[in-house]
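A look at the structure
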Amino acid sequence: MLTVTRQAATEAECEAILTASYQVDRPFSSPVLILDPLDFAPKRFLGLTYFGSALKKTVKKKLASLLPGCEIPRSDQVDDMKARGYDIFSPEQIEKAIIANIKAHFIFNEKNMALALPVLSPRFSVALHSRIKDSARVETEGALMITRPLTQYPGFDAQHNFNSLWHEIAHSVAGDNEAGADLTAALACRYVFKDCTFLHLQADLRAAHVVLACGTRKVLEDYGWACVEATETPLALNRPVSAEDVRKVGESSYRVPRVDRTDSIIRVAQSLHRAAGLAFEYRDLRKLADTAEGLLQNGAFADAEQRMIASRFALAARRIEEGAPAYARNREQAFRAENENNPVRKFLLQLIV
C-alpha cells in the first residue's frame, strides 16, 4: 500500500501520487502487474499501424518476473475464488489477452482504458490503465454517451485517474465485485488527497449511468446502485483515513454488500423515459433532472426506494450538467451516504471504526 506523510493538495503532488501508484507491485494480498497502454503506442508506416516485437517482449518479461512470487490457491479456496470472478486462464493465455487488449485500444482509437484481469492460479492480477487528459469530461462523455461539449468539473486529472487506477487494482482482491472496487478506490482517495470533492462527480456518474443504461441488464447486475453507495460512502467519514483502513477494506472488498435494486432502477428509468421522451435519448440532463423532480412531486413512484433513486438521479443530472460550481456549493452538504439504509456504509463502519 502507498504510504503518504501528508495528503496531496496541489496538482503536482497529486501527479506524484498517481505516478507512485504505477510502481506498487503488491498493494494487497496479491501481486499486481500494472501497465499503461500509452507506454506501448504503435508506430506508423505508410499509413499502417504496427507494434513490432517490443510489446510482446516487454509483457512476457514483466510476467516472468512477477510469477515466481505468486501463490497457488489451496484446493479448498478454489471454488470460492471462482465464484468471486477470478479468471481461470493460464499465464500464457493472460499474456495473449494483455497484448490483444493493448492492440485493440489503439486500433479502435479508444479514448481511455481501464481493465483488470484477476487470475486464479497462480494468483495475481493485471491492471491495464491509461493516464488520460481531461479525464473527468472524457469519462463522463463515455459513461453517459454524451456527444455535446461538457463543462468543467472538480478535481485534477491525476485524481480522477488515481481513482480509476485503484478501482482496477482493487479487483485483484475484489474479483467481480464492482462496488467493492469502488469502495476501495474511493477510500484510497480519502487517504491520499486533501480535497476529495471530485468523488461527488464519480458518485453522480454511477447514479446517472445505471438509470440511463437501464436497458443493459449486465450494467445493472455488475454495477447497480451499490456502486453509488460505495463511491460516496467514504466522503461521509468524519475521521482521517489510514493506509491500514485502505488495506482492511481492500482485502474485504469482495464482501461489500450489493443489494439488488434493479427493479426500482428500471421503474424509475421507464417513468423518466415516458415523461421526458427524447430528452432521455439525447441525454438532456437539465430536462431529465426537472422531469425526475416533477415526477417526485406528483407522487409517481410507488415506494421509498424508487423515490430515493429518482431523487439521487435528479441531483446527479443537475450537478453533471452545471459542473464545478454545483459541486462547490454542495461540498458541505449532508451526504446521502449517511442514510442508515445504506448497506455499504454499515459494512465500512463495522470494518474500520
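Reference entry: report on the structure contained in this document. (Residues numbered from 1 in each chain as written. Predicted model: local features only at pLDDT ≥ 70, side-chain atom pairs only at ≥ 80, totals over all residues. Heavy atoms only, no water.)

**Some remarks on the packing of helix H11 (residues 243-251) against helix H17 (residues 343-352)**
Operational definition: An axis is simply a line fitted to the C-alpha atoms; with a helix, the fit covers only the stretch in contact. Between two such axes, the angle follows the N-to-C directions and lies from 0 to 180 degrees. Helix and strand assignments follow DSSP, with helices taken as H or I runs no shorter than four residues and strands as E runs no shorter than two, numbered in order from the N terminus. Comment on the angle field: the value is read as roughly parallel under 35 degrees, roughly antiparallel over 145, roughly perpendicular from 65 to 115, and oblique elsewhere. In this scheme the crossing of two helices becomes right-handed for a clockwise turn of the near helix relative to the far one and left-handed for an anticlockwise turn of less than a right angle. Contacts between residues were defined by any pair of non-hydrogen atoms, one from each residue, lying within 4.5 Å.
Here H11 crosses H17 at 125 degrees, and the two axes come no closer than 10 Å. Taken together, the axes of H11 and H17 lie oblique to each other. Crossing geometry of H11 relative to H17 is assigned as right-handed. On H17, the residues that touch Asp 245, Lys 248 and Val 249 of H11 are Leu 348, Leu 351 and Ile 352.

**Notes on the nonpolar core**
Formally: Residues belong to a common nonpolar core when they are buried Ala, Val, Leu, Ile, Met, Phe, Trp, Tyr or Cys residues joined through side-chain atoms within 4.5 Å. Classification of residues uses two cut-offs on accessible area relative to the type maximum, computed with a 1.4 Å probe and protein chains only: under 20% is buried, over 50% is exposed, and between them is partly exposed.
Judged by nonpolar contacts, the single largest core of 44 residues is most densely connected at Ile 17, Phe 162, Trp 166, Leu 183 and Phe 193. Every element with two or more residues in this core is listed here: helix H1 (11-21), strand E1 (32-35), helix H6 (157-174), helix H7 (178-192), helix H8 (198-212), helix H10 (226-232), H11 and H17. Ranked by residues supplied to this core, first place goes to H7 with 9 residues. Those residues in contact with Phe 162 that lie beyond four places of it in its chain are Leu 2, Ile 17, Leu 18, Ser 21, Ala 188, Cys 189, Val 192 and Phe 193.

**Details of unusual backbone geometry**
With an omega dihedral of -5 degrees, the bond running from Ser 121 to Pro 122 counts as a cis peptide bond. Its place among the elements puts Pro 122 in the loop between strand E4 (114-119) and strand E5 (124-129). Its identity as a non-glycine residue notwithstanding, Asn 109 has a phi of 50 degrees, on the positive side. Within the secondary structure, Asn 109 is located in the loop between helix H4 (91-107) and E4. Residue Asn 109 is classed as exposed on the basis of its relative accessible area, which comes to 60%.

**Some details on the pairing of E4**
Rule in force here: Strand pairing requires that DSSP identify at least two bridges connecting the strands.
Strand direction decides the pairing type here: E4 and E5, joined by 6 bridges, are antiparallel. Across the sheet, Ala 116 pairs through a bridge with Ala 127, a residue of E5. Adjacent in sequence and paired antiparallel, E4 and E5 are bridged by 4 residues.

**Topic: the pattern of salt bridges**
Operational definition: Note on definitions: salt bridges are taken to be side-chain nitrogens of Lys or Arg within 4 Å of carboxyl oxygens of Asp or Glu.
Across all of its chains, the model carries 23 salt bridges by this definition. Between Glu 95 and Lys 60 there is a salt bridge, with the nearest N and O atoms lying 3.3 Å from each other. You can see Glu 95 sitting in helix H4 and its partner Lys 60 sitting in helix H2 (residues 54-66), a full 35 residues away along the chain. For Glu 95, a relative accessible area of 10% corresponds to the buried category. Among the ionic pairs, Asp 222 bridges to Lys 218, the shortest N-O distance being 2.8 Å. Residue Asp 222 and its partner Lys 218 are both found in helix H9 (residues 217-222); the two are separated by 4 residues, about one turn of the helix. Given a relative accessible area of 56%, Lys 218 falls into the exposed group. Through salt bridges with shared partners, a single network forms among Asp 204, Glu 232, Arg 312 and Arg 319.

Shape is all these values report; function is a separate question.
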